[in-house]
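One letter stands for each residue in the lines below.
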Amino acid sequence: MSDRFSAMLLRRADDALVLGHRLSEWTGHAPSLEEELALANLALDLIGQARALYALAAARGTGDDEDALAFLRSDREYTNLLLLELPNGDFAVTIARLFLYAAFADPFWRGLCASRDRDLAAIAAKAEKESAYHLRHSAEWLIRLGDGTAESHRRAQAALDHLWPYTGEMFEPEDDILVAADICPEPAGLRDAWNTMVDSVLEQATLTRPAEGWMQSGGRAGRHTEHLGHMLAVMQSVARSFPGAKW
Amino acid sequence: MEARTPLWEVFIRSRNGLSHRHVGSVHAADTTLALQAARDVYTRRGEGLSIWVVPSAAITASDPADKAMLFEPAATKIYRHPTFYEVPDAVGHM
């Protein structure tokens, strides 16, 4: 049971850390000072969520500490969604990815607030407030990009079309024993809420929902795109070059 | 850029303060994004419980050249400061 619990925590922590790191890559490159700070704030929220989950996983059985879990695992040991490891692309891809994920993560965290595991429920209570803002911020931007200029509309639609095949992975089944024990919600149960949110925002953004088709998969099993290895090489280089370094 | 993202003045009501105070400004396309930008730029360390954003263009400011006319006449009217009155001890704190 504790192995299953830790594995579930690592899936969710890896999601938060990988997206948090991607958003942090905007630092120094954002389109405006205001959005620079906004993206860094979002990144810090996500990295904070990852830390809390790694620390809980470490305390409940993995044996490693949170730094080892973040910095000393290879890409094959990461179990994040493929959607979150894709490169940032332009601002439209970054915003569309954040929106598609937040529209799932926010109800998922809300479900975790009712977890029978009280430590996890406490983490969720904090994270849900953060993910609610991630959803609002990305939705408002996506509406303005889609319903903005001809170029912003074209880029937003292209971003959606590019990311859409990666959205199915979010709804892959969570560990059935943990779901049955009311420790975490079943992702498939959140699909209706996600559809409603996505359709509502896409309509306001005058964007077209891409056709349903074949969906990418593999992240939860450690089979990643070529991009994660490069990202981890950068993210982990200091920790691997100077093991145990302190400052 | 400037035409599409005008300037907004940001006012924050702090935890312990009574009224909103001017803290700075942000560029944003509309009221919704201006509020979010103000939140992201000016409340990162728990500064606020409420935010106002006001289009900078909506603020009418006094002309610095009028400073002498507007403000100097008050300087010689020290009797407007309530420092000349002796308060009987029995009154206590006023």
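Right above here is the structure, for reference.
The rules we used
- Residues numbered from 1 in each chain as written.
- Chains lettered and ligands numbered in written order.
- Predicted model: local features only at pLDDT ≥ 70, side-chain atom pairs only at ≥ 80, totals over all residues.
- Helix = DSSP H or I, 4+ residues; strand = E, 2+ residues; numbered from the N terminus.
- Rg over C-alpha atoms; globule rule 2.2 N^0.38 Å.
- Buried ≥ 20, exposed ≤ 12 C-beta atoms within 10 Å, placed from the backbone.
- Contact = placed C-beta atoms within 7 Å.
- Core = buried A, V, L, I, M, F, W, Y, C linked by C-beta atoms within 7 Å.
- Expected span 1.5 Å × (residues − 1).
- Bend = angle between axes of the 7 residues up to and from the residue.
- Pairing = 2+ DSSP bridges.
- Axes fitted to C-alpha atoms, helices over the stretch in contact; angles between N-to-C directions.
- Nonpolar A, V, L, I, M, F, W, Y, C, P; charged D, E, K, R; others polar.
- Left-handed = near helix turned anticlockwise from the far one by under 90°.

Draft legend 1. Geometry of the overall build of chain A. A count of helices and strands for chain A gives 10 helices and 0 strands. Ordered by position from the N terminus, the helices and strands of chain A form the series α-α-α-α-α-α-α-α-α-α. The globule rule puts the C-alpha radius of gyration for 247 residues at 18 Å, and the 18 Å found for chain A is close to it. For chain A, the C-alpha atoms occupy an extent of roughly 55 × 40 × 30 Å along the three principal directions. Taking all 247 residues of chain A together, the buried fraction comes to 45%.

Draft legend 2. Structural context of the overall build of chain B. Regarding its fold elements, chain B presents 2 helices and 3 strands. Starting at the N terminus and walking to the C terminus, you meet the elements of chain B as β-β-α-β-α. Over its C-alpha trace chain B gives a radius of gyration of 20 Å, far above what one expects of a compact globule, namely 12 Å for 94 residues. Overall, chain B is about 60 × 35 × 15 Å in size when its C-alpha atoms are taken along their principal axes. Scored against the burial criterion, the 94 residues of chain B give a buried share of 16%. Restricting to contacts in chain B with at least 6 residues of sequence separation, those with at least 24 account for 45%.

Draft legend 3. The arrangement of the environment of A:Thr196 in detail. Residues and elements named next belong to chain A. Within the secondary structure, threonine 196 is located in helix α9 (residues 191–204). Its 11 C-beta neighbours within 10 Å are what place threonine 196 among the exposed residues. Measuring from C-alpha to C-alpha, the distance between threonine 196 and alanine 92 comes to 21 Å, with 104 residues separating the pair along the chain.

Draft legend 4. Representation of the nonpolar core. All names here are of chain A. Formed by 80 residues in total, the largest nonpolar core has its most connected members in Leu53, Ala96, Phe99 and Leu142. Per-element accounting of this core gives the leading share, 15 residues, to helix α5 (residues 91–112). Residues contacting phenylalanine 99, with those up to four places away along its chain left out, are Ser138, Ala139, Leu142 and Val201.

Draft legend 5. The arrangement of α5(A) in detail. Residues and elements named next belong to chain A. Between its first and last C-alpha atoms α5 spans 30 Å; for 22 residues at 1.5 Å apiece the expected length is 32 Å, and the two agree. At alanine 102, α5 shows its strongest bend, of approximately 30°. The buried fraction of α5 is high, at 19 of 22 residues.

Draft legend 6. Layout of the sheet that holds strand β2 (residues 21–27) of chain B. Residue and element names in this part refer to chain B. Reading across from one edge, β2-β1-β3 is the order of the 3 strands in this open sheet, with antiparallel pairing throughout. Since the sheet does not close on itself, it has two edges, and those belong to β2 and β3 (48–55), each with one partner. On average, each strand axis in the sheet is tilted by 30° relative to the strand beside it, whichever way the strands run. Relative to β3, strand β1 (residues 7–14) runs antiparallel, the two sharing 7 bridges. By the bridge assignment for β3, valine 10 is matched with valine 53. Against the sheet, helix α1 (residues 31–42) makes contact with β1, β2 and β3, and its axis sits at roughly 135° relative to β3, the strand it touches most.

Draft legend 7. Inspection of the interface of chain A and chain B at higher detail. Between chain A and chain B, the residue contacts involve 8 residues of the former and 11 residues of the latter. Mapped by element, the contributors of at least two residues to the side of chain A that touches chain B are α2 (33–62) and α6 (118–146) of chain A. For the side of chain A that touches chain B, the element with the highest residue contribution is α2(A), accounting for 4 residues. Partitioned by chemical class, the residues of the side of chain A that touches chain B number 2 nonpolar, 3 polar and 3 charged.

Draft legend 8. Expanded view of the packing of α5(A) against α6(A). Residues and elements named next belong to chain A. Between α5 and α6, the least distance of the axes is 7 Å, while the angle of their chain directions is 150°. The interaxial crossing formed by α5 with α6 has left-handed handedness. Partitioning the contact of α5 with α6 into residue classes produces 20 nonpolar, 3 polar and 3 charged.

Draft legend 9. Geometry of the pairing of β1(B). Examined bridge by bridge, β1(B) and β2(B) share 6 bridges and lie antiparallel to one another. Paired with B:Leu7 across the two strands is B:His27, which belongs to β2(B).

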